[in-house]
Amino acid sequence: MAIERLHGNLSEHTSLHVGGGAKELVRVSTEQELIDLVLDLDRRDEPVLILGGGSNVVCSDSEFRGTVIIISTQGIDWVGNCAVVAAGESWDEFVRNAIEQGFGELAPLSGIPGSMGATPIQNIGAYGVELAEFIDHVDVLDRKSGARRSLTPIECEFEYRDSTFKKNPNRYVVLAVKLKLNKTIEIPIKYLQLANVMNQGVGTTANALSVRDQVLQLRATKSMLLDPLDTESNSTGSFFVNPIVRDVDIPQGCPNYPLAVGDPRVKTHMKVSAAWLIENAGIIKGFHLGSEDSGIRVSRNHSLAITNIDRGSTQEVIKLASYIRQQVFDAYGIELVVEPVLINCELDKLGVS
Ligand SMILES: Cc1cc2nc3c(=O)[nH]c(=O)nc-3n(C[C@H](O)[C@H](O)[C@H](O)COP(=O)(O)OP(=O)(O)OC[C@H]3O[C@@H](n4cnc5c(N)ncnc54)[C@H](O)[C@@H]3O)c2cc1C
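Residues numbered from 1 in each chain as written. Predicted model: local features only at pLDDT ≥ 70, side-chain atom pairs only at ≥ 80, totals over all residues.

## What to know about the sheet that holds strand β10 (residues 135–142)
- One open sheet accounts for five strands, arranged β6-β7-β12-β10-β11; its pairing is antiparallel. Among the strands making up the open sheet, the edge pair consists of β6 (76–79) and β11 (147–151). With strand direction ignored, the average angle separating the axes of adjacent strands in the sheet is 15°.
- In this sheet, strand β12 (residues 172–180) lies alongside strand β7 (residues 82–86) in antiparallel orientation, the contact comprising five bridges. Within β12, the residue paired with Val84 across the bridge is Lys178. (Pairing = 2+ DSSP bridges. Helix = DSSP H or I, 4+ residues; strand = E, 2+ residues; numbered from the N terminus. Axes fitted to C-alpha atoms, helices over the stretch in contact; angles between N-to-C directions.)

This is how it looks when you write it as C-alpha cells:
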C-alpha cells in the first residue's frame, strides 16, 4: 500500500518520544503519491509536517492541526561513483552499504539516525566530516512553484548544521539525494577524539570498516546511537549546536574548532564547544529541574542531549532547554542555538540578568 493511514501520537514516531496527536498521520512509500499528496494539501492550505525518522524534531504536546507525512520511499541507484538515494532510505543502512562496496568516506558519519531525505536539512555531520562534502545534487519538490527541481550544493547553501532547507522550512520536500563518492577504503581521520581511540594521529588514514566500528562504539558510550534498550538515547542527539563566535569572544579554556573551508567567517570566527559551556555554567550530566526526576533531563552520558527516560512532555523539554540556554547566557553572554526543529513550540525568551 503506497499511502498508509497511521494512528497514535507523534510521541510514537519521534526519538524523543514527546508530541501530541495529528489530524491526519500517513506513511507514503511512492514518490509520485508523495508529490500529489503535498501539492493537494498545499492547494487546500492544509498544514503539512514532513517526517523521516523523527530523530531531529520536538513536536508540541498539542495536536498538529494538519497532515503529518512520514516518508518511506525506497531505492538506491548506483551509477559509477554516484548513488541516487530515495528520501525514505535509512541513512545508516546506506553508509554501511557504501562502505561494503568500497566507498569508505562516509564511515565517520556512521550511526546517525534517520532518513536520507533529512540529511541535507541540517547538513549532518560528525567526527570532522559533513554531508555537504559528498553532495552532487538534491532532488526536491519546490512547494512554491509546485515543480520538481535539482538543487546544486551552492543552491543548497550548506553551512555548519544549516542549509536553505532549514532556513525555508516549508518550501521543499526532499525526494532524493545524489552523492558523489571516491572509491577508497583508506580514509583520513580528522577528529582528535576518534584519532585517540584509534591510537593514531589526526591527519593519518585508517580502514573505513574499523573507523565505522570505532565510531559506533564511541557513539554507544554517549547514547548517541538509537537503542531501544538504552533509555538515555531517547533524545534528538545534541539539543544545541556549537555556537559560532568571534575569535576574541572565545571563553578562556573552552575547546574551539575551525569552521569548514569556504565558510565566509572562517578567518574571524570559531565554533566553540556547547558541551563545555553547559558544563561550565554548572549543568552536569543527569541534571533535571525540580526535586522529582520527571523523566526529562540532561543525558547521563552526554551533556548536550536532553533525554526522556520515562513519559515526559514537550513542555518539560522546553522548560529545561530554556533554563540551560539562560544559564549559559548568564555565565558567558553566548546564546545557544537549538539544533532540532521545533514544531509549534519555542524556547522562553532570554532574560537579561
Ligand atoms: C541519538 C541521536 C544521535 C544523533 N547524532 C547526530 C549527529 O552526530 N550528527 C547530526 O548531524 N545529527 C545527529 N542527530 C540528529 C538526526 O539524527 C539527524 O538530523 C537526522 O538527519 C534526522 O533525520 P530524520 O529522518 O529522523 O529527520 P526528522 O526528525 O524526521 O526531520 C527533521 C527535519 O527535517 C525535515 N525533513 C525530514 N525529511 C524531509 C524531507 N524528505 N524533505 C523535507 N524535509 C524533511 C522535517 O520536517 C524536520 O524539520 C542525532 C539524533 C539522535 C536521536
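## Some details on the site of the ligand
- The ligand sits among 33 residues. The nearest are Gly52, Gly53, Gly114, Gly117 and Gly237.
- With three residues, the top contributor of residues to the shell around the ligand is β12.
- Each residue belonging to the shell around the ligand can be placed in one class, and the counts come to 17 nonpolar, 16 polar and no charged. (Near = placed C-beta within 6 Å. Nonpolar A, V, L, I, M, F, W, Y, C, P; charged D, E, K, R; others polar.)

## Observations concerning the environment of Arg311
- Mapped onto the elements, Arg311 comes out in the loop between β19 (306–308) and α8 (314–332).
- Residues Arg311 and Ala22 lie 289 residues apart in sequence; the distance between their C-alpha atoms is 19 Å.

## Remarks on the domain arrangement of the chain
- The domain boundaries assigned to the chain delineate domain 1 (3–71), domain 2 (76–186) and domain 3 (231–343).
- Distance from the C-alpha centre of domain 2 to the C-alpha centre of domain 3: 25 Å.
- Classifying every residue of the side of domain 2 that touches domain 3 gives one nonpolar, one polar and three charged. (Domains from an automatic or database assignment.)

## A short note on helix α6 (residues 208–221)
- If you check α6, its first and last C-alpha atoms are 20 Å apart, about what 14 residues at 1.5 Å a residue would give, namely 20 Å.
- For α6, the full list of buried residues reads Ala208, Val211, Arg212, Gln214, Val215, Leu218 and Arg219.
- Buried-residue contacts for α6 involve α2 (91–100), β13 (186–188), α5 (192–197) and β14 (205–207).
- Ser223 occupies a position one or two residues after α6 and carries a positive phi of about 55°. (Expected span 1.5 Å × (residues − 1). Buried ≥ 20, exposed ≤ 12 C-beta atoms within 10 Å, placed from the backbone. Contact = placed C-beta atoms within 7 Å.)

## Looking at unusual backbone geometry
- The backbone of His17 sits at a positive phi, close to 55°, despite the residue not being glycine.
- With respect to the secondary-structure elements, His17 resides in the loop between β1 (3–5) and β2 (22–28).
- By C-beta crowding, His17 is classed as buried, having 21 other C-beta atoms within 10 Å.
- Phi angles above zero are rare outside glycine, and Asn199 is one such case at about 55°.
- You can see Asn199 is positioned in the loop between α5 and β14.
- Of the residues examined, Asn199 has 7 C-beta atoms within 10 Å and is grouped as exposed.

## Side note on the sheet that holds β1
- Pairing is mixed across the open sheet formed by four strands, whose spatial order is β1-β2-β5-β3. Every interior strand has two partners, whereas the edge strands, β1 and β3 (48–51), have only one. Taken over all neighbouring pairs, the strand axes of this sheet differ in orientation by 25° on average, direction set aside.
- Judged from the four bridges that link them, β3 and strand β5 (residues 64–71) form a sheet pairing that is parallel. From the neighbouring strand, Val48 faces β5, where its bridge partner is Thr67.

## Re helix α1 (residues 31–43)
- Here α1 is 13 residues long and its end C-alpha atoms lie 18 Å apart, about the 18 Å a rise of 1.5 Å per residue gives.
- Every buried residue of α1 is listed here: Glu31, Leu34 and Val38. All buried residues of α1 project into a common sector of 60° when viewed along the axis, lining one side. Residues Gln32, Asp40 and Arg43 are exposed on α1 and point more than 90 degrees away from its buried face.
- On its buried face, α1 sits against β2, β3, β5, β10 and β12.
- Positive phi appears at Asp45, one or two residues downstream of α1, with a value of about 60°. (Arc of directions from axis to C-beta.)

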